Amino acid sequence: MDESSVHNPLLWGQGSGHANVRRKTPLSVTLAKWILKIAMLALFISWIALMFLFPADFVQKLFEKWIQATNGTVFGITGSLFLLFSGPILLIAVLSIAYLVISGEEELHEKKPSKYPSFRLWTFPVLVDGPFGVVSAAELIGILLFVVFVIWAVYAYTMSILSLMSDQLTFKEKSCLFLEILGLRFGLIGMFCLAFLFLPVARGSVLLRFIDIPFEHATRYHVWLGHLTMLLFTIHGLLYVVAWTIEGRLLHEILEWRDIGVAILPGVISLSAGLLMWVTSLPPVRKLNFELFFYTHQLYVIFIVFLALHVGDFIFTMAAGGIFIFIIDRFLRLCQSRRVVDIISAKCLPCGTVELVLAKPENLRYNALSFVFLQVRELSWLQWHPFSVSSSPLDGKYHISVLIKVLGKWTEKLRGNILENSEKELPFSPHSKITASVEGPYGHEIPYHLMYENLILVAGGIGISPFLAVLSDILHCVREGRPCLLRNILIVWAVKRSDELSLLSTIDMDSICPSFSSKLNLETCIYVTRESEPPLEEGKEQNTQDFSLCPTSKSCGMSVLVGTGHTIWSGLYVISSMVGFVISMGLLDIFYINPFHISSWWYKGLLFVVCMITSVVIFGGLVVGLWHLWERRILAKEQFEDDKLNIDKAEHKETVAREDSHLAKLTGIRYGARPDFKEIFETVSQNWGHVDAGVIVCGPPTLQSSVAKEIRSHNFRRQSDHPIFHFNSHSFDL
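Residues numbered from 1 in each chain as written. Predicted model: local features only at pLDDT ≥ 70, side-chain atom pairs only at ≥ 80, totals over all residues. Heavy atoms only, no water.

- Named according to an unreviewed UniProt entry, the protein chain is Ferric reduction oxidase 7, chloroplastic-like originating from Prunus mume.
- The annotation that UniProt attaches to the protein chain under Subcellular location (unreviewed entry) is "Membrane". (UniProt positions renumbered as here; feature names shortened; annotations may be inferred.)

This is the structure we're talking about:
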């Protein structure tokens, strides 16, 4: 091995072409990006400060002055509150679009290895055991801010309510009044939390892309916020129930539907839907019956609509910004998922894992550490399941692969369907067809695995799937001279049984980059935990069941209508939806609400939600239609013909058919043992020295906790010449 090539960072390879040319970002672009960042940061801090300080008396007085100054506009108090509470996050989304358009493709070759390794808040694990799982320092700060906000708001509102109590009231009247006003304030605090609840589940939104948080990470924040929001709303409802029970008018109040003021019955319906979603999302229920969790979670539509009926339009605007961004994303996903995607090939590996190869267009953009949501209509019309992409975007122009471990009923049915087709030794017949639809891919905006010099990949079982894509991506970058900083890679893989080693057959490192060993120091350690020695069948050929589909007509690939796709088109879609919403509300106020003196709170709340949806469908849908036509034109221009697709299929099949991969040759396999992460990190520390070392873990929560605990321990007691380890997780747990 060439020692100099290993110890010098691989900034770019020896190939030819534009990838090796160092391009400088123009000063005007850098300046524009900094201005946009500062503007978005100022807006976000102001937005957070407004909600955090809203319970304070001086903010209440400023708020009243704002309402008086803007109440005479066409949009009235609804427009004033929408501009104040939802306007900032929508404006940040627009500025994020501008930032992403200006940034274009991130130039990784401008990233230089850090001479001074340092800790980072978002990759330093602080909490590793507990209800939140592995929590970084940055995430802990966010959790504490929400906790402090809730405690401060409850305290401020309680003191304010007590100061309003009159001595002329009886104890019973004081108690009921106190409970009702405090219940109202808990509902207001819940509305502020609701403003954030839907932002993490807008899978392809420009906000997640701008801050580079992939959807599988953002779902954790949605879960945390969901628990907090429902806790606040539940307390909000219980306080009213207790007060009305004391007064003896519980049934009358619950069934009341006022025109002016808060309508109680819609609130009861909304809270009931929220409680069903909350209870079925708890880990014991979700793991025992995922389908129950999935189906009841669709009640979010009932929850949102009846919440708007409950509080009316102007109170609903406090949380409308995040909900509107979610609706924008949801409609785009609906348009993307309607397309039927061809399955190029399907294979059942000896360990029972299923490999699907799906058709995709050449211009679909994604990173190696990405997820797709897959629906198979023969199994269920409603269920969508997330899977890691197991192929690099550089593996082929017209295909994308996923590895699916058989764990539940849905995956068992999928495997049975594939085995049934393989036994017929025929392509899909009309009676045994697999009809797939895909959402995504979703992942990091920037391939961060290429930005470390030193990388440790820790996998458990099927968790090796995304790392196969990472390895393939790195090897393609080395071969083609693309930007890549990596020089040391350590793979630690724990499996239960040796038949899972067949997953290694899905990558052939020698065929991708024959000379990679001269440029990368790659080490692998595999632990077979439930076998004390190699099985007798080791070395013998194991049968797999597979079949391929070679359509005679033009193949249909995945749609590029996804947030991580074309920034300009997705930006136009978002902006047109927002502009359409303002126009819809303006026309509604001018020609209907104001002339006819519509004053019912619940009715105006319903009209507000209808405008949100119709603006996305009509105005945003027009852009989506043009986007779809543009996509078809690009595909026609690229001549997406069957012969090219078949070449791509043949190349893929030739690659994955080889069982004797170079990765298997490099592997050190230990039977009857589990990874000793303390020993592993100590060895790495001695060999790598004082560097930044990225650690990516994909596996069960126990594996993530073990690795995070060791990283935290090492970083606390590390010597000055040892690496600083940066924890990153890659797993999807709904």
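**What about helix α10 (residues 264-280)?**
And step 1. Taking 1.5 Å per residue, 17 residues should reach 24 Å; α10 reaches 25 Å between its end C-alpha atoms and fits that length.
And step 2. Among all positions of α10, only Ile 264, Pro 266, Gly 267, Ser 270, Ala 273, Gly 274, Met 277, Trp 278 and Thr 280 are buried. (Helix = DSSP H or I, 4+ residues; strand = E, 2+ residues; numbered from the N terminus. Expected span 1.5 Å × (residues − 1). Buried < 20%, exposed > 50% of the residue type's maximum accessible area, 1.4 Å probe, protein only.)

**Comments concerning the sheet that holds strand β8 (residues 436-443)**
And step 1. Strand order in the open sheet formed by 3 strands is β6-β5-β8, and the pairing between neighbours is antiparallel. The two strands at the open ends of the sheet, each matched to only one other strand, are β6 (385-388) and β8. The sheet shows a mean angle of 30° between the axes of neighbouring strands, taken without regard to direction. (Pairing = 2+ DSSP bridges. Axes fitted to C-alpha atoms, helices over the stretch in contact; angles between N-to-C directions.)

**Some remarks on the environment of Val 262**
And step 1. Mapped onto the elements of the fold, Val 262 is located in the loop between α9 (250-254) and α10.
And step 2. Each residue touching Val 262, except ones within four places of it in the same chain, is listed here: His 310 and Trp 601. (Contact = heavy atoms within 4.5 Å.)

**Section: the pairing of strand β4 (residues 354-359)**
And step 1. Counting buried residues along β4, 6 of its 6 residues qualify, which places the element largely inside the surrounding structure.
And step 2. Where strand β3 (residues 343-348) and β4 come together, 5 bridges link them in antiparallel fashion. Bridged to Lys 347 within β4 is Glu 355.
And step 3. What sits between the antiparallel neighbours β3 and β4 is a turn of 5 residues, in which Gly 352 has the positive phi angle 95°.

**What to know about unusual backbone geometry**
And step 1. Note that the residue after Gly 440, namely Pro 441, is joined by a cis bond; omega there is 5°.
And step 2. Among the structural elements, Pro 441 can be located in strand β8.
And step 3. At Asp 212, a residue that is not glycine, the phi angle is positive and equals roughly 60°.
And step 4. Tracing the backbone through its elements, the reader meets Asp 212 in the loop between α7 (206-211) and α8 (215-247).
And step 5. Asp 212 gets classed as partly exposed once you look at its relative accessible area, which sits at 21%.
And step 6. Its identity as a non-glycine residue notwithstanding, His 597 has a phi of 55°, on the positive side.
And step 7. Its location among the elements puts His 597 in the loop between α18 (567-593) and α19 (601-637).

**A few points about the environment of His 690**
And step 1. Among the secondary structure elements, His 690 is positioned in the loop between α22 (677-688) and β14 (692-698).
And step 2. Sequence-wise, His 690 and Asp 721 are 31 residues apart; in three dimensions their C-alpha atoms are separated by 4.6 Å.
And step 3. Contact partners of His 690, with chain neighbours within four places excluded, come to Pro 117, Arg 718, Ser 720, Asp 721, His 722 and Pro 723.
And step 4. Engagement of the side chain of His 690 in a polar contact is seen with the backbone oxygen of Ser 720, the distance being 3.3 Å. (Polar contact = N/O pair within 3.5 Å; in protein donor to acceptor, adjacent residues only side chain to side chain.)

**Comments concerning the pattern of salt bridges**
And step 1. In total, this model carries 14 salt bridges according to the counting rule given.
And step 2. The partner of Arg 220 in a salt bridge is Glu 139, and the shortest N-O contact between them spans 3.1 Å. Highlighted residues: Arg 220 in helix α8 and Glu 139 in helix α5 (residues 137-164), separated in sequence by 81 residues.
And step 3. Note on Arg 220: relative accessible area 23%, which makes it partly exposed.
And step 4. Looking at Glu 139, the relative accessible area reads 15%, which means it is buried. (Salt bridge = Lys/Arg side-chain N within 4 Å of Asp/Glu carboxyl O.)

**Regarding the packing of helix α4 (residues 76-103) against α18**
And step 1. Axis separation between α4 and α18 bottoms out at 9 Å; the angle between their running directions is 160°. Our classification of the angle between α4 and α18 gives roughly antiparallel. In the packing of α4 onto α18, the handedness of the crossing is left-handed. Of the residues in α18, those in contact with Phe 82, Leu 90, Ala 93, Val 94, Ile 97, Leu 100 and Val 101 of α4 are Thr 567, Ile 568, Gly 571, Val 574, Ile 575, Met 578 and Phe 581.
And step 2. Taken together, the residues of the contact of α4 with α18 sort by class into 12 nonpolar, 2 polar and no charged. (Parallel < 35°, antiparallel > 145°, perpendicular 65-115°, else oblique. Left-handed = near helix turned anticlockwise from the far one by under 90°. Nonpolar A, V, L, I, M, F, W, Y, C, P; charged D, E, K, R; others polar.)

**Details of empty space enclosed by the protein**
And step 1. Taken as a whole, this structure holds 5 cavities of 30 Å³ or more when the rule is applied.
And step 2. Its volume calculated, the largest cavity comes out at about 140 Å³.
And step 3. Elements supplying a minimum of two residues to the lining of the largest cavity: α7, α14 (313-337) and α18.
And step 4. Per-class residue counts for the lining of the largest cavity are 9 nonpolar, 4 polar and 1 charged. (1 Å grid on protein atoms, 1.4 Å probe; cavity = no way out; pocket = protein on both sides within 12 Å on 5 of 7 lines; lining within 4 Å. Points joined across faces, edges and corners; volume = space filled by probe spheres on them.)

**Details of the pairing of strand β5 (residues 370-376)**
And step 1. Most of β5 sits out of view: 7 of its 7 residues are buried.
And step 2. Alternating positions in β5 separate into two faces, Ser 370, Val 372, Leu 374 and Val 376 on one and Phe 371, Phe 373 and Gln 375 on the other, with burial throughout.
And step 3. In terms of strand pairing, β5 meets β6 through 4 bridges, oriented antiparallel. Residue pairing across strands places Phe 373 opposite Pro 386, the latter belonging to β6.

**Overview of the layout of surface pockets**
And step 1. Of the voids in this model, the second largest pocket is the one considered here, and its volume is about 1,000 Å³.
And step 2. Taken together, 37 residues line the second largest pocket, and the ones lying closest to its centre are Arg 203, Phe 294, His 297, Gln 298 and Tyr 300.
And step 3. With 7 residues, α8 is the largest single contributor of residues to the lining of the second largest pocket.
And step 4. In terms of residue class, the lining of the second largest pocket is built from 20 nonpolar, 10 polar and 7 charged.

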